[in-house]
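If you want the building blocks of each chain, they are given just below.
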Amino acid sequence: MADGISSFWGPVTSTIECCEKNYAYSSYIAEFYNTISNIPTILLALVGLVNALRQRFEKRFGILHVSNMILAIGSMLYHATLQHVQQQSDETPMVWEMLLYMYILYSPDWHYRSTMPTFLFLYGAVFAVVHSVIRFGIGFKVHHVILCLLCIPRMYKYYIHTQDGPAKRLAKLYVATLSLGSLCWFCDRVFCKQISSWPINPQGHALWHLLMGFSCYFANTFLMFCRAQQRGWAPKVVYFMGGLPYVKIEKPKSQ
């Protein structure tokens, strides 16, 4: 939300601003809450990465957790500066991450193993170059939504073929946090004028970041469970300190 204040980063050059007063707490952070709300995503992704490495899951899952961290860091840079270059560091990883999800979801049944990763890599590279030149507006959002929709059929297939109750609960938590986060994002975008007149701004976009951090973690953990089932690793969902779920596996001695 623009307020005309000059800052350490100079005038705003990004194409999108959220419903938060700029530079309210620091001349170095344009949107304070939208910046710090990415920290939980980084911490959750770090937990997932440590678990993936410690139990020697396939490299794709380590990369997936790292991509969550990169996306959150890019989002922090964007909301802290509101500069167009940093906006690219937020939006481009969003597309890369969805391409990675598509690979993880569809690759187990893809017979031509080198075709899919090659195509997705080239697609991501071309998008990054084009997006750095052309300022996509609504087109970027539509493109990202299409990529998300392409993942839904496969996620649903995994869900209906999973009999484990705690694993199915992970999928439900993923959908719930995604839906609630999307609602927060929508309200922040559409009702900004009304929200700005309230005594307290609920910071809908910051809540979107927080809920999406949990949504990604739940989705990643569910996919790790499904993949471990495919590999015959006897996965089960356990809870760290009785709260945060993660997947524990028992690989056959031959592996």
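Residues numbered from 1 in each chain as written. Predicted model: local features only at pLDDT ≥ 70, side-chain atom pairs only at ≥ 80, totals over all residues. Heavy atoms only, no water.

A. Fine view of the overall build of the protein. Helix and strand content of the protein: nine helices and two strands. For the protein, the sequential pattern of α-helices and β-strands runs α-α-α-α-α-α-α-α-α-β-β. By the compact-globule yardstick of 18 Å for 255 residues, the protein fits well, its C-alpha radius of gyration being 19 Å. Principal-axis analysis of the C-alpha atoms gives the protein an extent of 65 × 40 × 30 Å. Each of the 255 residues in the protein was classed as buried or not, and the buried ones make up 46%. (Helix = DSSP H or I, 4+ residues; strand = E, 2+ residues; numbered from the N terminus. Rg over C-alpha atoms; globule rule 2.2 N^0.38 Å. Buried < 20%, exposed > 50% of the residue type's maximum accessible area, 1.4 Å probe, protein only.)

B. Quick look at the UniProt feature "binding site: Ca(2+)" (unreviewed entry) in the protein. Within this numbering scheme, the UniProt entry marks Glu20, Asn22 and Glu31 as carrying the feature "binding site: Ca(2+)" (unreviewed entry). Note that glutamate 20 resides in the segment before helix 1 (32-36). Looking at glutamate 20, the relative accessible area reads 3%, which means it is buried. Examined against the element boundaries, asparagine 22 turns out to sit in the segment before helix 1. The class of asparagine 22 is buried, set by a relative accessible area of 2%. (UniProt positions renumbered as here; feature names shortened; annotations may be inferred.)

C. Region of interest: the pattern of salt bridges. Evaluation of the coordinates by the stated rule reveals three salt bridges. Here arginine 60 and glutamate 58 are joined by a salt bridge, their closest N and O atoms 3.8 Å apart. (Salt bridge = Lys/Arg side-chain N within 4 Å of Asp/Glu carboxyl O.)

D. Molecular detail of the UniProt feature "binding site: Zn(2+)" (unreviewed entry) in the protein. When the UniProt feature table is mapped onto this chain, "binding site: Zn(2+)" (unreviewed entry) is found at His79, His205 and His209. With the annotated positions falling across 131 residues, the maximum pairwise C-alpha distance of 11.4 Å places them together in a single cluster. Structurally, the position occupied by histidine 79 is in helix 3 (residues 59-81). Beyond its immediate stretch of four places on either side in the chain, histidine 79 contacts Cys18, Ala30, Glu31, Asn34, Thr35, His205 and His209. A polar atom in the side chain of histidine 79 sits 2.6 Å from the side chain of glutamate 31. Structurally, histidine 209 can be placed in helix 9 (residues 204-231). If we ignore the near neighbours within four places in the chain, the residues touching histidine 209 are Asn34, Ser37, Asn38, Thr41, Ser75 and His79. Here asparagine 34 takes part through its backbone oxygen, which lies 3.1 Å from a polar atom of the side chain of histidine 209. (Contact = heavy atoms within 4.5 Å. Polar contact = N/O pair within 3.5 Å; in protein donor to acceptor, adjacent residues only side chain to side chain.)

E. Just the state of the cysteines, in detail. Here the structure, examined in full by the defined rule, presents one disulfide. Each disulfide pairs two cysteine sulfurs, and for cysteine 19 the partner residue is cysteine 192, the sulfurs being separated by 2.3 Å. Here cysteine 19 and cysteine 192 share a disulfide; its torsion about the S-S bond, 90 degrees, makes the bridge right-handed. With cysteine 19 in the segment before helix 1 and cysteine 192 in helix 8 (residues 192-196), the pair connects residues that are 173 residues apart, well separated along the chain. Cysteine 192 shares its class with cysteine 19; the two are buried. Here cysteine 148 stays unpaired: no disulfide links it, and the sulfur of cysteine 151, its closest cysteine neighbor, is 6.7 Å away. You can call cysteine 148 partly exposed: its relative accessible area is 26%. Free of any disulfide, cysteine 226 has its nearest cysteine sulfur in cysteine 151, 14 Å distant. (Disulfide = S-S within 2.5 Å.)

F. Focus on the nonpolar core. Counting residues in each nonpolar core, the largest one holds 42 residues, and the members touching the most others are Phe57, Phe61, Tyr101, Phe222 and Leu223. With residues up to four places along the chain from it excluded, the contact list for phenylalanine 57 reads Asn51, Ala52, Met224, Ala228, Trp233, Val247 and Ile249. Judged by nonpolar contacts, the second largest core, of five residues, contains Ile16, Tyr23, Ala30 and Tyr78. (Core = buried A, V, L, I, M, F, W, Y, C linked by side-chain atoms within 4.5 Å.)

G. Quick look at the side chain of asparagine 51. Looking at the element boundaries, asparagine 51 is found in helix 2 (residues 39-54). Leaving out residues up to four positions away in the same chain, asparagine 51 has contacts with Phe57, Met224, Tyr246 and Val247.

H. Seen up close, the environment of glycine 137. By the element assignment, glycine 137 lies in the loop between helix 5 (115-133) and helix 6 (138-160). Sequence separation between glycine 137 and isoleucine 16 is 121 residues; the distance between their C-alpha atoms is 8.5 Å.

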